[in-house]
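A structural walkthrough
Okay, here's what each chain looks like letter by letter:
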Amino acid sequence: MLIKVSPSIRGQTYRCLYVHQNLCGAEKRGTTPVKSVQPTSKNDQVGVPLGAKVKDAGKTVWYTGIVVLGFLATGALLFAVFKELFWSESPQSVYSDALKKCTDYPRMKDLLGEPITGFCDGSGRRGRTNLRHSLYIKDGIEHIQIRFYVKGIRNQATVHAVMEKKDGKFEYKYLVAETENYPKEKIFLIDNRKHELNFQEF
């Protein structure tokens, strides 16, 4: 038996098929392909020449050596300054102690006049650094000898000091000041000499 389809039904069927095809085509066109990213292998990296690595290592060692030497030199310098200024047996420490004894001694005040100042060979700011001193051994005993000057408003004097080491400690052998102008006089602030009649000048 044949069924007759009306023209209106055929038109609607064609329209549905046309819409369905357009939708499927739009879905296909909207699909974006996914690109796969391959990991970069170590072989793709640019290699550093061996000579350049050795050169960089040499520079690092060189700079490190310079820094270490700088620290060592600075430490040695600071130690030398500290020892010179604060070590109780250094010539500078002996000078400071002997100068204080001179400025406090009554006879020195009378002859020189106050205030009394001390200075060493030379003048100006470098006067203190030009302290004349000597370290020597006599009869198996260590000695320190210094010479400096003191000046007051009336006179000035040359001071000689000698210390010798006894029982591991330096002690004054003598401390004497000799005035330069009239009245000339030798003032023994400390005198622990036993057999020597004269003091050693230098």
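Coordinates for the structure precede this section.
So, a few notes on the structure that sits alongside this text.

What counts, and at which threshold
- Residues numbered from 1 in each chain as written.
- Predicted model: local features only at pLDDT ≥ 70, side-chain atom pairs only at ≥ 80, totals over all residues.
- Heavy atoms only, no water.
- Buried < 20%, exposed > 50% of the residue type's maximum accessible area, 1.4 Å probe, protein only.
- Helix = DSSP H or I, 4+ residues; strand = E, 2+ residues; numbered from the N terminus.
- Pairing = 2+ DSSP bridges.
- Core = buried A, V, L, I, M, F, W, Y, C linked by side-chain atoms within 4.5 Å.
- Contact = heavy atoms within 4.5 Å.
- Polar contact = N/O pair within 3.5 Å; in protein donor to acceptor, adjacent residues only side chain to side chain.
- Salt bridge = Lys/Arg side-chain N within 4 Å of Asp/Glu carboxyl O.
- Phe/Tyr/Trp six-rings, centres within 6.5 Å; stacked < 30°, edge-to-face > 60°.
- Lys NZ or Arg CZ within 6 Å of the ring centre and 35° of its normal.

The subject of this paragraph is the pairing of strand β3 (residues 141-151). Regular strands show a simple pattern: their side chains alternate between the two faces of the sheet. Of all the eleven residues making up β3, eight are buried; the element is thus mostly covered by neighbouring parts of the structure. In this structure, strand β1 (residues 117-119) lies alongside β3, joined through three bridges in antiparallel fashion. Within β3, the position partnered with glycine 118 by the bridge is valine 150. Here nine bridges tie β3 to strand β4 (residues 156-166), and the two strands are oriented antiparallel to one another. When the sheet's bridge partners are listed, histidine 143 is paired in β4 with glutamate 164. The antiparallel pairing of β3 with β4 creates a hairpin that spans four residues between the two strands.

This part is about the nonpolar core. Counting 26 residues, the largest nonpolar core has Met108, Ile146, Phe148, Val150, Tyr172 and Leu175 as its most contacted members. At five residues, the largest contribution of residues to this core is made by helix α3 (residues 91-104). Here leucine 175 is in contact with Ala98, Lys101, Val159, His160, Ala161, Ile187, Phe188, Leu189 and Ile190, once residues within four sequence places are set aside.

Attention shifts here to the side chain of asparagine 155. On the secondary structure map, asparagine 155 appears in the loop between β3 and β4. Taking the relative accessible area as the measure of exposure, asparagine 155 reaches 4% and is therefore buried. Within the local environment of asparagine 155, its side chain forms a polar contact with the backbone oxygen of asparagine 181, the two atoms lying 3.1 Å apart. Leaving out residues up to four positions away in the same chain, asparagine 155 has contacts with Leu111, Leu112, Thr179, Glu180, Asn181, Tyr182 and Pro183.

Let us look at the pattern of salt bridges. Summed over the entire model, instances satisfying the criterion amount to six salt bridges. Residue glutamate 185 is joined to arginine 107 by a salt bridge in which the shortest nitrogen-to-oxygen separation is 2.8 Å. With glutamate 185 in the loop between β5 (169-179) and β6 (186-191) and arginine 107 in helix α4 (residues 106-112), this residue pair connects regions lying 78 residues apart in the sequence. Looking at glutamate 185, the relative accessible area reads 27%, which means it is partly exposed. Measuring nitrogen to oxygen at the nearest pair gives 2.8 Å for the salt bridge that ties arginine 193 to aspartate 191. According to the relative accessible area criterion, aspartate 191 is partly exposed, its value standing at 38%.

Turning to the packing of aromatic side chains, a few remarks are in order. Applying the stated criterion across every chain yields a total of two aromatic pairs. Ring plane angle 90 degrees and centroid distance 4.9 Å describe the contact between tyrosine 95 and phenylalanine 148, whose orientation is recorded as edge-to-face. Remark: phenylalanine 148 occurs in strand β3 and tyrosine 95 occurs in helix α3; sequence separation between them is 53 residues. Both residues of the pair, tyrosine 95 and phenylalanine 148, belong to the buried class. An angle of 25 degrees between the planes, with centres 5.5 Å apart, marks the rings of phenylalanine 119 and tyrosine 149 as stacked. One end of the pair, phenylalanine 119, is in strand β1; the other, tyrosine 149, is in strand β3, with 30 residues separating them in the sequence. Owing to a relative accessible area of 14%, tyrosine 149 belongs among the buried residues under this scheme. Positioned over the ring face of tyrosine 174 is arginine 193, at 5.9 Å from the centre of the ring.

All right, on to unusual backbone geometry then. Omega for the peptide link from glutamate 114 to proline 115 comes to 0 degrees, which places this bond in the cis form. Relative to the helices and strands, proline 115 is located in the loop between α4 and β1. Although it is not a glycine, aspartate 167 adopts a positive phi angle of roughly 55 degrees. You can see aspartate 167 is positioned in the loop between β4 and β5. When its relative accessible area of 85% is taken as the criterion, aspartate 167 is described as exposed.

By themselves these figures say nothing about function.
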